[in-house]
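# Summary of the model geometry
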Amino acid sequence: ALQPGDDGPVAGLQRAYLGVPIATRSWLSAVLGLAALSQAGLVSEEALAVDAAAFSGRLQLWRPLTAAAFVGGVGPQLLQKLYYGISFGRELERELGTPEFLRASLSVVASLT
């Protein structure tokens with residue numbers, strides 16, 4: 001039964017999602033979106049992986065970003081990776097601030113190429 005002021009599980013999930021700092025929340029959204037697309041068969045893992053020839057030769061500049069955000073299809077490993085990514089990302093982003101957190105994250109992504 002709903003208590004006064006309790007909007008239900010959807011509102012609780014929304015509050016939890018919006019409580020995550022913006023950069024970490026964006027990563028979370030990308031991970032979930034890419035996992036769903038992969039699970040549905042709409043995008044192949046090869047299209048998301050880092051491919052130096054595609055990156056530099058065909059200017060597929062998104063490849064390091066998709067490779068950093070694609071952690072596999074829907075399953076228990078995805079949940080584990082999301083848990084650790086959100087736990088550590090949230091705290092690091094709050095400690096460093098969003099601009100510095102993004103700079104550090106992008107430097108890690110750049111090292112994928």
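Being a predicted model, the structure only gives us computed values, none of them experimental. (Residues numbered from 1 in each chain as written. Predicted model: local features only at pLDDT ≥ 70, side-chain atom pairs only at ≥ 80, totals over all residues. Heavy atoms only, no water.)

## Regarding the pattern of salt bridges
Where charged atoms of side chains with opposite charge meet at close range, the side chains can pair. The line we're drawing: A pairing counts as a salt bridge when a side-chain nitrogen of Lys or Arg comes within 4 Å of a carboxyl oxygen of Asp or Glu. Secondary structure elements are taken from DSSP: a helix is a run of H or I of four residues or more, a strand is a run of E of two residues or more, and numbering for both begins at the N terminus. Here the term buried applies to any residue with accessible area under 20% of the maximum for its type, exposed to any over 50%, and partly exposed to those in between, with areas from a 1.4 Å probe on protein chains only.
Per the counting criterion, the structure on display carries three salt bridges. Linking Arg90 and Glu91 is a salt bridge whose minimum nitrogen-to-oxygen distance equals 3.9 Å. In this structure, Arg103 engages Glu100 in a salt bridge whose closest nitrogen and oxygen atoms are separated by 2.8 Å. With Arg103 and Glu100 both in helix H7 (residues 98-110) and three residues apart, this pair spans about one turn of that helix. For Arg103, a relative accessible area of 49% gives the class partly exposed. A residue is classified by how much of its surface remains accessible, and Glu100, at 33% relative accessible area, is partly exposed. Where salt bridges share partners, they join Arg90, Glu91 and Arg94 into one cluster.

## Focus: the packing of helix H6 (residues 76-96) against H7
For the record, the criterion: Axis angles are defined between N-to-C directions and span 0 to 180 degrees, where every axis is a line fitted to C-alpha atoms and, for a helix, only to the segment in contact. Roughly parallel here means an angle under 35 degrees, roughly antiparallel means over 145, roughly perpendicular means 65 to 115, and every remaining angle is called oblique. The hand of a helix crossing depends on one turn: near helix anticlockwise from the far one by less than a right angle means left-handed, and clockwise means right-handed. The contact criterion used throughout is that any non-hydrogen atoms of two residues lie within 4.5 Å.
Following both chains from N to C, one finds H6 and H7 inclined at 125 degrees, their axes separated by 6 Å at the closest point. What the angle tells us is that H6 and H7 run oblique. For the element pair H6 and H7, the recorded crossing hand is right-handed. Contacts from Gly89, Leu92, Glu93 and Leu96 of H6 reach H7 at Thr98, Glu100 and Phe101.

## A word on the layout of surface pockets
Stated formally: Within this scheme a cavity is a closed region of a 1 Å grid, computed over the protein atoms alone, that accommodates a 1.4 Å probe without allowing it to escape, whereas a pocket is open but has protein on both sides within 12 Å along at least five of seven lines; lining residues each have an atom within 4 Å of a point. Grid points are joined across faces, edges and corners, and a volume is the space filled by probe spheres set on the points. Charged residues are taken to be Asp, Glu, Lys and Arg, nonpolar residues to be Ala, Val, Leu, Ile, Met, Phe, Trp, Tyr, Cys and Pro, and polar residues to be all remaining types, Gly included.
Its volume calculated, the largest pocket comes out at about 580 Å³. If you trace the largest pocket, you find 21 residues lining it, with Trp27, Ala68, Phe101, Ser105 and Val109 closest to the centre. Contributing elements (two or more residues each) for the lining of the largest pocket: helix H2 (22-39), helix H5 (63-69), H6 and H7. The element best represented in the lining of the largest pocket is H7, accounting for seven residues. Of the residues contributing to the lining of the largest pocket, the split by class is 16 nonpolar, five polar and no charged.

## Considering H6
What counts, and what does not: One less than the residue count of a helix, multiplied by 1.5 Å, gives the span that helix is expected to have.
The terminal C-alpha atoms of H6, which comprises 21 residues, lie 30 Å apart, in line with the 30 Å expected from a rise of 1.5 Å per residue. What H6 keeps buried is the set Leu78, Leu82, Ile86, Ser87, Gly89 and Glu93. Taken together, the buried residues of H6 touch H2 and H7. Gly97 sits one or two residues past H6 and shows a positive phi near 95 degrees.

## As for the environment of Ala40
Inspection of the secondary structure assignment puts Ala40 in the loop between H2 and helix H3 (45-48). The exposure class of Ala40 is exposed, given its relative accessible area of 53%. Each C-alpha atom, one on Ala40 and one on Val74, is 9.7 Å from the other, the two residues being 34 residues apart in sequence.

Function cannot be inferred from these measures alone, as they are strictly geometric.
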